[in-house]
There are 2 protein chains.
Amino acid sequence: MKVVVDAFGGDNAPVEIVEGAVLAVKNNKNLEVILCGKEDKIKEILRGRTERIEIVDASDVITNDDAPTEAIRHKPNSSLVVAYDILKTRDDVIGLVSAGPTGAVLAGAIMKIGRIKGISRPALAPILPTKVDGSDVIIIDSGANIDCKPINLLHFALMGSAYYSIIYNKKEPRVALLNNGAEDEKGNELAKETFPLLKNAPINFIGNKEGGDFMSGDVDVMVADGFAGNALLKGTEGAVKAVISILKRSIKSHFWSKVGYLFMGKTFKEIRERVDVQRKHAGSPLLGCKKLVVKNHGSCDRVNIQASIEQTIKLHNNNLNQRIEEAIASLSEKI
Amino acid sequence: MKVVVDAFGGDNAPVEIVEGAVLAVKNNKNLEVILCGKEDKIKEILRGRTERIEIVDASDVITNDDAPTEAIRHKPNSSLVVAYDILKTRDDVIGLVSAGPTGAVLAGAIMKIGRIKGISRPALAPILPTKVDGSDVIIIDSGANIDCKPINLLHFALMGSAYYSIIYNKKEPRVALLNNGAEDEKGNELAKETFPLLKNAPINFIGNKEGGDFMSGDVDVMVADGFAGNALLKGTEGAVKAVISILKRSIKSHFWSKVGYLFMGKTFKEIRERVDVQRKHAGSPLLGCKKLVVKNHGSCDRVNIQASIEQTIKLHNNNLNQRIEEAIASLSEKI
């Protein structure tokens, strides 16, 4: 089983990306990784650890300053485009992992790989913790699709449900529509038109939920247009960081609080593990593409990259795309 | 100076509302409060403390189950409608305070009081803490106006800036547009069309900001349509609650953490005071109405109601509505 990795995407590339690939290969006996990027640099980092690792040279890099579509078109030797070409042309490669610029990863997926038949727009669905132990929530879309139509949100719901059911092994994830109130008739025009579509879709639709329900543990898959979804996602992450920052500063400024802190090691470790959104994070697949594309955060490290590669394997083994295709097909039968 | 109060609006009405009025009157020598609601009940709570408190009997109550516009039309004897009639007809009454259903308070303001000339839609602008000491942020709109046009957001920005500058005595509050990225050209159609309007407005516009900047202390006034604004506001509040809930549970489940907690009284008191969004909260004025209307949360208590009444006085003394009118006028001059 082969996964292609953009070794020069992300703030910590290439070291963390290459090391992440090494970790993944060590941990998965049947895995082979193809690393795309400057060959000499990659070899330098690998220091001979080349078992089940192939290098494909790519001299160029796409950065945040590049216009996404332009970059895919005019930087054919960039690590990302070379990786996409491999994903496109080689049947034995099951997926691609990149921590490069979101826009370019998206543009590349659409231009090089294409969408699953019937899916209007691919979407990103990052994972967040909730206040309930062991219960995470995903938001789809979270910023890939800014202006949306009801049909887009219906597809997000189907894809999010299939994705969540695989990664958490949960048969009927609870899917909710982000809204400004819980009542059925609430919402802006988009939400109002989307509601009946979700109600009739082959998912466990639990109705409208507010932003305040996002981390409550009552929702598995929150469906939103990319603009409101991005506001919710970033607002939530920012609020978590703000509370922890206030807490830290307060502890530092009171002598007895500092003393108390010494006793609370376990609690602060738990907090870090529970709410640190990025720790061990596998990134998010670009749901709705013909082949698996997993995007990790620009600031991700080797553990994140390993997780991304392993998630690609898991999604492949559990037939994510086939499930999405079936859900879409069952829709057309209904109509 | 007279303020009219809907004594039967809110979950804790009438006791907390009436007691809040008593606190406000005690604390402000020139204040008179008019309480609207069931006279016998109010008298029972007042137990003779009637100095500078007038009671106007209103036998009916508007609840969350009432359709807002219908309720204003067909419940003329409700405490809210009676209060609005007093605000409308009596020149010596400077403002109204209610913790009743948001929809009804909004509908009453528009139907009974009317908008400031040139303002397309009144808006609610609740206050949240940031991670920076002493620096709060407001979001406008937060859910009163679900489908918006660029002109609405321009008005929100002007009103929010005027409001913030009064309550925090800050000359040029930093106004930002909620967006899915910081770059000027980012956004959904609404945000893209709004950006140039804000750039040319007589405010301190600092550009696009993401949801993650909301509690950063870098923004004073966050401008958004009511749908995305609501997602951000509720998501932020929910995340704060979730982190604190995880923290509490973790402390309870580890012996040494419980010991540490005993030393950290000051820190936990600080956290509660800083992030408990509702504590001492004055609610939010319905910005853009011809007369001052301050809406508090349904679950507010006497301290909140006192704060709402005192905020009404402060906004009146600092000529909020006149400032808004001037900002609108300066716009038309430009066009």
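Residues numbered from 1 in each chain as written. Chains lettered and ligands numbered in written order. Predicted model: local features only at pLDDT ≥ 70, side-chain atom pairs only at ≥ 80, totals over all residues. Heavy atoms only, no water.

> What exactly am I supposed to notice about the confidence of the model for chain A here?
Low pLDDT means the predicted atomic positions in that stretch should not be read closely. Taken over all residues, the pLDDT of chain A has a mean of 93, while the share at 70 or more is 97%. Confidence metrics for the complex model read pTM 0.90 and ipTM 0.88. (pLDDT = per-residue confidence, 0-100.)

> Hey, could you run me through the interface of chain B and chain A in this one?
How big an interface is tends to be stated in terms of accessible area lost as the parts join. Chain B puts 53 residues into the contact, and the matching count from chain A is 52 residues. Of the roughly 4,400 Å² buried between chain B and chain A on both sides combined, carbon and sulfur atoms contribute 68%. On the chain B side of the contact with chain A, Phe 227, Ile 246 and Phe 263 of chain B bury the most area, a combined 15% of that side's loss. The interface formed by chain B and chain A contains four salt bridges. Here chain B is connected to chain A by ten residue pairs in polar contact (both at pLDDT 80 or more). (Contact = heavy atoms within 4.5 Å. Buried area = accessible area lost by both parts, 1.4 Å probe. Salt bridge = Lys/Arg side-chain N within 4 Å of Asp/Glu carboxyl O. Polar contact = N/O pair within 3.5 Å; in protein donor to acceptor, adjacent residues only side chain to side chain.)

> I tried to follow the sheet that holds strand β1 (residues 2-6) of chain A on my own but got confused; where do I start?
By way of backbone hydrogen bonds, the strands of a sheet pair with one another, either parallel or antiparallel. Residue and element names in this part refer to chain A. Taken in spatial order, the seven strands make up an open sheet running β3-β2-β1-β4-β12-β11-β5, and their pairing is mixed. The open sheet has two edge strands, β3 (53-57) and β5 (123-124), and neither has a second partner. Where β5 meets strand β11 (residues 284-287), two bridges bridge the pair, whose relative direction is antiparallel. From the neighbouring strand, Leu 124 faces β11, where its bridge partner is Leu 286. (Pairing = 2+ DSSP bridges. Helix = DSSP H or I, 4+ residues; strand = E, 2+ residues; numbered from the N terminus.)

> Even after reading the chapter, I still don't get the pattern of salt bridges, so can you show me in this structure?
Where charged atoms of side chains with opposite charge meet at close range, the side chains can pair. With the rule as written, the count across this model stands at 28 salt bridges over all chains. Asp 133 of chain A is paired through a salt bridge with Arg 249 of chain B; the nearest N and O atoms lie 3.7 Å apart. On the criterion of chain membership, the pair formed by Asp 133 of chain A in the loop between β6 (127-129) and β7 (136-140) and Arg 249 of chain B in helix α8 (residues 226-253) is interchain, its members lying in two chains. Looking at Arg 249 of chain B, the relative accessible area reads 36%, which means it is partly exposed. Look at the salt bridges and you will find they share partners, linking Lys 2, Glu 32, Glu 54, Arg 90 and Asp 92 of chain A into a network. (Buried < 20%, exposed > 50% of the residue type's maximum accessible area, 1.4 Å probe, protein only.)

> I keep staring at the relation of the copies chain B and chain A and nothing clicks. Help me out?
Two chain copies here: they are related by a rotation about an axis and a translation along the same axis. Here chain B sits on chain A after a turn of 180 degrees about the axis and a move of 0.0 Å along it, with an RMSD of 0.1 Å. Overall, the copies show the geometry of a two-fold rotation axis. Closest to the rotation axis within chain B is the C-alpha of Gly 260 of chain B, separated from it by 1.9 Å. Interface overlap between copies is the fraction of interface residues in one copy that are interface residues in the other; for chain B against chain A it reaches 98%, indicating a shared surface. (Least-squares fit on C-alpha atoms with pLDDT ≥ 70 in both.)

> Help me understand helix α2 (residues 39-46) of chain A in this model?
Side chains that are three or four residues apart share a direction in an α-helix, a result of its 3.6 residues per turn. Residue and element names in this part refer to chain A. Among the residues making up α2, those that are buried are Ile 42, Ile 45 and Leu 46. Mapping the buried residues of α2 onto a view down its axis gives an arc of 100 degrees, with all of them on the same face. Relative to its buried face, α2 has exposed residues pointing more than 90 degrees away, namely Asp 40 and Glu 44. Tucked inside the fold, the buried residues of α2 contact α1 (15-27), β2 (32-37) and β3. Just beyond α2, the residue with positive phi is Arg 47, at close to 45 degrees. (Arc of directions from axis to C-beta.)

> How do you make sense of the packing of aromatic side chains when you look at a structure like this?
Think of a pair of aromatic rings as described by two things: how far the centres are apart, and how the planes are tilted against each other in angle. All names here are of chain B. Tallied over the full model, the rule gives six aromatic pairs over all chains. Ring geometry for Tyr 164 against Tyr 168: centres 4.5 Å apart, planes inclined by 35 degrees, an arrangement best described as tilted. What makes Tyr 168 partly exposed here is its relative accessible area of 27%. Relative to Trp 256, the ring of Phe 255 has its centre 5.0 Å away and its plane inclined at 75 degrees; by these criteria the two rings are edge-to-face. Residue class for Phe 255 comes out exposed when judged on its relative accessible area of 56%. (Phe/Tyr/Trp six-rings, centres within 6.5 Å; stacked < 30°, edge-to-face > 60°.)

> Even after reading the chapter, I still don't get the packing of helix α6 (residues 150-167) of chain A against helix α7 (residues 189-199) of chain A, so can you show me in this structure?
A pair of packed helices is captured by two measures, namely the crossing angle of their axes and the spacing between those axes. Residue and element names in this part refer to chain A. Where α6 contacts α7, the two axes come as close as 9 Å, and the packing angle between them is 45 degrees. As far as their axial angle goes, α7 and α6 are oblique. When the axes of α6 and α7 are compared, the crossing they make is right-handed. On the side of α6, the interface is formed by Pro 150, Ile 151, Leu 153, Leu 154 and Ala 157, while α7 contributes Leu 190, Glu 193, Thr 194, Leu 197 and Leu 198. The residue makeup of the contact of α6 with α7, split by class, is eight nonpolar, one polar and one charged. (Axes fitted to C-alpha atoms, helices over the stretch in contact; angles between N-to-C directions. Parallel < 35°, antiparallel > 145°, perpendicular 65-115°, else oblique. Left-handed = near helix turned anticlockwise from the far one by under 90°. Nonpolar A, V, L, I, M, F, W, Y, C, P; charged D, E, K, R; others polar.)

> How do you make sense of the packing of α8 of chain B against helix α10 (residues 265-275) of chain B when you look at a structure like this?
Residues and elements named next belong to chain B. Running from N to C, α8 and α10 point in directions that differ by 160 degrees, and their axes come no closer than 12 Å. Of the possible angle classes, the one that applies to α8 and α10 is roughly antiparallel. Note on packing geometry: the crossing formed by α8 with α10 is left-handed. Contacts between α8 and α10 involve Val 240, Ile 244, Leu 247 and Ile 251 from the former and Phe 268, Ile 271 and Val 275 from the latter. Broken down by class, the residue content of the contact of α8 with α10 amounts to seven nonpolar, no polar and no charged.

> Which parts of the structure should I look at to understand unusual backbone geometry?
Residues other than glycine predominantly adopt negative phi, and peptide bonds predominantly adopt the trans conformation. With an omega dihedral of 0 degrees, the bond running from Ala 13 of chain B to Pro 14 of chain B counts as a cis peptide bond. Counting through the fold element by element, Pro 14 of chain B comes out in the loop between β1 (2-6) and α1 (15-27). Geometrically, the link from Ile 140 of chain B to Asp 141 of chain B is a cis peptide bond, its omega value of 0 degrees lying close to zero. Relative to the elements of secondary structure, Asp 141 of chain B occurs in the loop between β7 (136-140) and α6 (150-167). A positive phi angle, near 55 degrees, is found at Arg 52 of chain A, a position not held by glycine. Secondary-structure assignment places Arg 52 of chain A in the loop between α2 and β3. Phi at Arg 47 of chain B is positive, roughly 45 degrees, even though this residue is not glycine. Mapped onto the elements, Arg 47 of chain B comes out in the loop between α2 (39-46) and β3 (53-57).

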